[in-house]
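# Structure at a glance
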Amino acid sequence: MELKLFVIDIWRSLGWRALVLILLTLLVAITEGLTIAALLPLLAILGLGDGTADGIVVNLSSVALGSLGLPFTVGSVGFLLGVLIAISALLFLAQARLATRLQARYVAHWQSLLAKALVGARWSHLRGLPRGAFLSAITVEAPRMGAAFDKVNLAATSIMFILTQSIIALVVAPLGTIILLLLAGTLFVSTRVLSSRAKEDGRALARTNASLAGRIGEIANALKLVKATASESGALHRMQAGFADIERASARSSYDVQVARAVFQYGGGGAIVLLLVFGPLLGYSDIGSTLIVVALFVRLFPKITGLRQSLQSISVMLPSFEACRSIEESARLASEQTSQINYWTAPQSGKAAALALRNAKVALPNGTILLEGISLDIEPGSYVAFVGPSGAGKTTLIDLLMGLIEPSGGMLLVDGVPLDSTQLLAWRHRIGYLGQDPIAFTGTISENLSWVRHNIDRAQMRAALSAAAADDIRADLDASVGEGGSGLSGGERQRLALARALAGGPGLLVLDEATSALDAHAERRVVETLRALKGTVTILAVSHRLWSVKDADRVIVVDGGRVIQEGSYKTLAARPGWFRETLVHQDHDANRSVSEEQD
Ligand code: ADP
C-alpha cells in the first residue's frame, strides 16, 4: 500500500520524465536481451547449434543482415553483435544519466516541500515539533527517499529485464525456460517473509534517526557546557547510545537483504547446473540453445536477486517516506491562512502600532487555560513591560499580541482593526523581534540586517545600527559574521539582532527576555537604546529583571494566566503585591552583590 503511494508520488512529482525513464529502461532491457539472443546465429555458424530450436532467431538475424546487404557470416554476425552492444551501452548511459538526475530532483523536491510546509506552519504547530524530527526529515529521511527512488528504478529495470529475457528464452528453449522460471518464482515467493521484517526494521531506523538527530543537535548546542563541566563522557555516551541503536537497526535490515540475495545466488547457480546436467534428458541435444538459455539465466538470476533485494531495501526505506509524508502533511494542514487584505502596506512603515486585546483567552486543545480575561490597550509608541513569575503566561501573552498564536476567545485589534486568523501573517511583517538567544546568521552584516525586510537600503541599515547602539559593528556592512555569529561577543550579537529588529522601521518591537543573557554593561546599553526609541515604535518587553524595565511607561504583572497588577514602575514599586516583593528581593540581592564586591 505504502509502496503504491510512493510510486504514485514519484510519478506525480516527476511527470513525463518518469515516462521517458521507463521507455529508456525498456529499450535497454530489449537491446541487452537481443544481444544475448544474437549469440545464437554466431553459435550456429560456429557449428554449436543444429539450427532447429533456434531457427526463429537465426532466421531473424539473417533477414536483418540481409536487409543491411550483409552476408550471414561470422564477421557480419559479429558486426551485428557489436552494433547491438554499442546501442545497449549508449542506452544504458542515457538511462543512468536520467535516473540519477531524477533521483536528485526527487530528493530536492521533497526537501523543499518539507521546508516549505515547516516554515509555513503556524507557530503553535512548530512549537510542539521536536527539533530532531525537523532536522532529520530534511537532512536524513528525504535523501533516504532518494535511495528508495533508486531502488524502485532498479526494481522496475529488473522487472523489464526479467520479462524481456524470459520471453527471448521462451522463444529459444521453452521447456527449460519454464522450469527455470518456476524455480525462480518459488525462490522469489519464499523470500517474501523477509520483506515484512524489513519494513519493521525500516520504521525502527527512521525513529532512531530522528531521535539521534535531536540528541546530536542538543549536544552541539551544549558544547560549552560539555567542555566546561568535563562532561564529555556523558555527552559521548548519549550519542553513542544512539549510534548503537542505528547500528542494530541497520545491521539487521542489511543482513536480511543479503539473506534474500544468497537464496537467489546459490539457488540460481544450482538451477543452472541442474539444467546443464539434466538438459539432455529434457530433450536438449542442441548445446547452442542450452548455452543461450544458460547465458540468459546467468544474467536473469542476478536480476531476480536484484528485484528481491530492491524490494527488500524499499521496504526498509519506505518508513522514511511515511515519516516525511506525515511531517509534511501535518505541517501543511497547520499552515497559516492569509488574506488578500493587508492593512499594513508600505505607507505604514515607520508608524508605531496601537494594540488592544478584548477579553482574550488562550487555551490548549486539551482545555488547559493559559490566559484568560485579558483586556489591554497599548498606545502607539508606548513602552510596555510584562513581568511575573516564570510560567505565568507572559510569553503566551506577547505571542498573542504578535499574532503568533490565535486567541481561543476574545479578540486582538491592531490600529483599531480587529484581526482574524487570515490577517495575522500580514501584521507580523510590521514586527521587530528580539529573543533571549541573540541570533546572527552566517553571512555579512548587511545580509543580517536585511534578513527580515529585504528591500532596505544601506542608509537604513546604518540608521538601524546606530539606533541599536551597534556603532562598533557599523563600520563595515560587508564584514562577515561566522556561523551562529561566531567572532562577535554576546553583547555585539544582541545589538546586531536589535539593529535587525529595527531595520526598516517596525511598528512594534518585541523583546522577549532579550537582555537576560547579557552582562550588566551590555544590558545597560540595550536599556538606554530602548529609552531613546520611546515614542518612535511601540515596545513590548518581557523581563524577569525588574530594574531593566524602569523606563517602561507601563508595567503589567501577569500571574496564573491573568493580569494581576498594572501601573507605572513607580506606582507598582510603592504598592504592596508581587511587584514590590520581587523588587525588594532583587534589590536586596543586587545590593548584597555590590557590597560583597566592595568587601
Ligand atoms: P512565562 O513566559 O510567563 O514563563 P509562558 O507563557 O511561556 O510563561 O507559559 C505559560 C504556561 O503555559 C507554562 O506553564 C507553559 O508550560 C504552558 N504552555 C505554553 N504554551 C504551551 C503549549 N503549546 N503546550 C503546552 N504548554 C504550554
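Let me sum up the structure you'll find in this document.

Next up on the list: the overall build of the protein chain. Each helix and strand in the protein chain was counted, giving 21 helices and 12 strands. Rg of the C-alpha trace for the protein chain: 35 Å, well past the compact-globule value of 25 Å for 599 residues, more than 25% over. Within the protein chain, the proportion of its 599 residues that are buried is 45%. Restricting the contact set of the protein chain to residue pairs at least 6 apart, pairs at least 24 apart contribute 76%. As displayed, the protein chain has an accessible area near 29,100 Å², and 62% of this comes from carbon and sulfur atoms. If you average the places of the 54 positive and of the 50 negative side-chain charges in the protein chain, the two averages end up 4 Å apart.

Before going further, it helps to examine the site of the ligand. Taken together, Arg127, Leu364, Leu370, Pro389, Ser390, Gly391, Ala392, Gly393, Lys394, Thr395 and Thr396 make up the full set of residues adjacent to the ligand. Within the backbone of Ala392, an N or O atom sits 3.0 Å from an oxygen atom of the ligand. The dominant element in the shell around the ligand, judged by the number of residues it contributes, is helix α13 (residues 394–402), at 3 residues.

Moving on to the environment of Val537. Along the polypeptide, Val537 turns up in the loop between α19 (520–533) and β10 (538–542). The class for Val537 is buried, based on a relative accessible area of 4%. Considered as a pair, Val537 and Tyr383 are 154 residues apart in the sequence and their alpha carbons are 8.3 Å apart. Discounting chain neighbours no more than four positions away, the residues touching Val537 are Ala352, Gly381, Ser382, Pro506, Gly507, Leu508 and Leu509.

Let us look at the pairing of strand β1 (residues 355–363). As paired elements, β1 and strand β2 (residues 369–378) share 6 bridges and run antiparallel to each other. Across the sheet, Leu357 pairs through a bridge with Leu376, a residue of β2. Once β1 ends, the chain turns through 5 residues before running back antiparallel as β2, passing Gly367 with a positive phi of about 100 degrees. Bridging between β1 and strand β4 (residues 409–414) involves 5 bridges; their strand directions are antiparallel. Within β4, the residue paired with Leu355 across the bridge is Val414.

Moving on: the sheet that holds β2. Adjacent strands of a sheet form backbone hydrogen bonds with each other and so pair up, either parallel or antiparallel. Pairing is antiparallel across the open sheet formed by 4 strands, whose spatial order is β2-β1-β4-β5. What marks the edges here is a single partner per strand, and that holds for β2 and β5 (417–418). Where α13 meets the sheet, it contacts β1, β2 and β4, and its direction lies at approximately 125 degrees from that of β1.

Further remarks concern the sheet that holds β10. With mixed pairing, 6 strands are arranged side by side in an open sheet as β6-β9-β10-β3-β11-β12. Every interior strand has two partners, whereas the edge strands, β6 (431–434) and β12 (562–567), have only one. On average, adjacent strands in this sheet sit at an angle of 20 degrees to one another, irrespective of strand direction. Running at roughly 170 degrees to β6, helix α18 (residues 490–502) makes contact with β6 and β9 (508–512) of the sheet.

This part covers α18. Spanning 13 residues, α18 covers 18 Å between terminal C-alpha atoms, matching the ideal 18 Å at 1.5 Å per step. In terms of residue burial, α18 counts as a mostly covered element, since 10 of its 13 residues are buried. Listed as buried for α18 are Gly491, Gln494, Arg495, Leu496, Ala497, Leu498, Ala499, Arg500, Ala501 and Leu502. Looking one or two residues past α18, Gly504 carries a phi angle of roughly 85 degrees, positive in sign.

This brings us to the nonpolar core. Soluble, globular proteins show a tendency: their nonpolar side chains are buried together. Formed by 62 residues in total, the largest nonpolar core has its most connected members in Phe6, Tyr106, Trp110, Leu114, Phe297 and Phe301. At the level of secondary structure, the elements contributing two or more residues to this core comprise α1 (2–14), α2 (16–37), α5 (74–120), α7 (131–172), α8 (174–190), α11 (232–278) and α12 (287–333). Once you skip the residues sitting within four places of it in the chain, Trp110 turns out to touch Asp9, Ala142, Met145, Phe321, Cys324, Arg325 and Glu328. Core analysis: the next-biggest nonpolar cluster, separate from the first, contains 44 residues, Ile445, Leu449, Ile473 and Leu502 among them.

Let us look at the packing of aromatic side chains. Counting across every chain of the model gives 6 aromatic pairs. Seen in terms of ring centroids, Tyr569 and Phe579 are 5.5 Å apart; in terms of plane orientation they differ by 90 degrees. Their pairing is edge-to-face. Of this pair, Tyr569 sits in helix α20 (residues 569–574) while Phe579 is found in helix α21 (residues 578–598), placing the two residues 10 residues apart along the sequence. Taken as a pair, Tyr569 and Phe579 share a single burial class, namely buried. Each residue in the set Phe6, Tyr106, Trp110, Phe149 and Phe321 is aromatic and connected to the rest through ring pairs, giving one cluster.

Okay, unusual backbone geometry next. A positive phi angle is found at Asp415, which is not glycine, with a value near 50 degrees. Following the sequence through the fold, Asp415 ends up in the loop between β4 and β5. Unusually for a residue other than glycine, Glu513 sits at a positive phi of about 50 degrees. Note on placement: Glu513 falls in the loop between β9 and α19. Residue class for Glu513 comes out buried when judged on its relative accessible area of 15%.

Rules used throughout
Residues numbered from 1 in each chain as written. Predicted model: local features only at pLDDT ≥ 70, side-chain atom pairs only at ≥ 80, totals over all residues. Heavy atoms only, no water. Helix = DSSP H or I, 4+ residues; strand = E, 2+ residues; numbered from the N terminus. Rg over C-alpha atoms; globule rule 2.2 N^0.38 Å. Buried < 20%, exposed > 50% of the residue type's maximum accessible area, 1.4 Å probe, protein only. Contact = heavy atoms within 4.5 Å. Areas by Shrake-Rupley, 256 points an atom, 1.4 Å probe, with all protein chains shown as cover. Lys, Arg positive; Asp, Glu negative; His and termini not counted. Charge placed at Lys NZ, Arg CZ, Asp CG, Glu CD. Near = heavy atom within 4 Å. Polar contact = N/O pair within 3.5 Å; in protein donor to acceptor, adjacent residues only side chain to side chain. Pairing = 2+ DSSP bridges. Axes fitted to C-alpha atoms, helices over the stretch in contact; angles between N-to-C directions. Expected span 1.5 Å × (residues − 1). Core = buried A, V, L, I, M, F, W, Y, C linked by side-chain atoms within 4.5 Å. Phe/Tyr/Trp six-rings, centres within 6.5 Å; stacked < 30°, edge-to-face > 60°.

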